[in-house]
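So you can see what is in the structure, the chains are spelled out below.
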Amino acid sequence: MTDREKSTSFGQAASAYESGRPGYPAEAVAWLLEPVREAGRALRVADVGAGTGKLTRAVAELGADVVAVDPDADMLATLRENARGVPTFVGTAEHLPLPDSGLDAVVMGQAWHWVDVEPASRETARVLRSGGVLGLIWNIRDDRVDWVRRLTAAMGGSNAEVLLATTGPRVAEPYGELEHREWSWERRITLPQLRDLVVSRSDIITASPEKRAGIEAAVDGVVASVPELADGGSVALPYVTHAFRARRP
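Please read these numbers as outputs of a predicted model, since none were measured by experiment. (Residues numbered from 1 in each chain as written. Predicted model: local features only at pLDDT ≥ 70, side-chain atom pairs only at ≥ 80, totals over all residues. Heavy atoms only, no water.)

Novice: How should I be thinking about the packing of helix α9 (residues 191-199) against helix α11 (residues 209-223) in this particular structure?
Specialist: Viewed as axis vectors pointing N to C, α9 and α11 meet at an angle of 145 degrees, and their least axial separation amounts to 11 Å. Crossing of α9 against α11: the hand is right-handed. Facing α9, whose interface residues are L191, L194, R195, V198 and V199, α11 presents R212, E216, V219, D220 and V223. Split by residue class, the contact of α9 with α11 holds six nonpolar, no polar and four charged. (Axes fitted to C-alpha atoms, helices over the stretch in contact; angles between N-to-C directions. Helix = DSSP H or I, 4+ residues; strand = E, 2+ residues; numbered from the N terminus. Left-handed = near helix turned anticlockwise from the far one by under 90°. Contact = heavy atoms within 4.5 Å. Nonpolar A, V, L, I, M, F, W, Y, C, P; charged D, E, K, R; others polar.)

Right under this line is the structure:
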């Protein structure tokens, strides 16, 4: 299965994605938008690859006027349940159904690793005003913690995890260099939420029944070693949030 097919598979597990995936630290989202924030004016922002609206909500909570764009109509249906009143559009970073130069920022959460960099850079720049911001953000589990490292080994590394551990994201013209900051934090997670996190991953959504059963059995072995998850408990799942931003000339 191609990466493009995997990138549009999430709607099959939209409810698990909403339950299992973390939100984004408010300070990281504020940093993405900081270059274009102006007193007395609401920012105009598009969340592209918006999924179920995790980043959409964080942007809206900062007072921005936000629209959500995603290639998967099922994901957008879940977003509309969780971010009521946010306009939604089917589209991709390479083909945005938005007018020229109308936005202060385009943000993408857990999504830029799926794009074709050159056309996505040109297209996101098209919809930004001069000086606008392209903001890219990822939550990555902190594998410095032993049980988390074993969980990642059981699930297998994702495209995003490989990207962030190696070259990092790349943008093309007209953008210049990306600025980067990171934040370490924790999310309390229950066993049902952890299982939803596992099954919301594209490699598992698109896996054969045999492969999926093997992954879930390996995850069960890790879960059995985390006593905090027994009897309805919860455990702190550590993350490192990586945020990157670039300005449109």
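Novice: Can you walk me through the sheet that holds strand β4 (residues 103-109) in this structure?
Specialist: Strand pairing in a sheet takes place through backbone hydrogen bonds and is either antiparallel or parallel in direction. Ordered in space as β3-β2-β1-β4-β5-β7-β6, the seven strands form an open sheet in which the pairing is mixed. Of all the strands in the sheet, the pair left with one neighbour each is β3 (88-90) and β6 (179-190). Across the sheet, the mean angle from the axis of one strand to that of its neighbour is 25 degrees, orientation sign disregarded. Bridge analysis of strand β5 (residues 128-141) against strand β7 (residues 234-247) gives nine bridges, and the strand direction is antiparallel. The partner of V133 across the bridge, within β7, is R247. Where α9 meets the sheet, its contacts fall on β5, β6 and β7, and the angle it forms with β6 comes to roughly 130 degrees. (Pairing = 2+ DSSP bridges.)

Novice: Mind showing me how you'd approach the nonpolar core here?
Specialist: As a rule of thumb, soluble globular proteins bury nonpolar side chains together. In this structure, V48, L98, V106, M108, W112, L136 and W138 are the most contacted members of the largest nonpolar core, which totals 30 residues. Every element with two or more residues in this core is listed here: β1 (44-48), β2 (65-70), β4, α6 (117-127), β5, α8 (159-165) and β7. At five residues, the largest contribution of residues to this core is made by β5. The contacts of L98, once residues within four sequence positions are left out, are A46, V67, V69, F89, L103, R126 and V127. If you look at the next biggest cluster of nonpolar residues, it comprises 26 residues, including V45, L55, V86 and A105. (Core = buried A, V, L, I, M, F, W, Y, C linked by side-chain atoms within 4.5 Å. Buried < 20%, exposed > 50% of the residue type's maximum accessible area, 1.4 Å probe, protein only.)

Novice: How should the pattern of salt bridges be read in this particular structure?
Specialist: If the charged atoms of two oppositely charged side chains come close together, the side chains can form a pair. With the rule as written, the count across this model stands at 19 salt bridges. Salt-bridge contacts for E38 lead to R41; the nearest nitrogen and oxygen are separated by 3.4 Å. On the basis of relative accessibility, which here comes to 42%, the residue E38 falls in the partly exposed class. For R41, a relative accessible area of 32% corresponds to the partly exposed category. One salt-bridge network, in which partners are shared between bridges, spans E38, R41, R44, D104 and R129. (Salt bridge = Lys/Arg side-chain N within 4 Å of Asp/Glu carboxyl O.)

The values reported here are purely geometric and, on their own, carry no functional implication.
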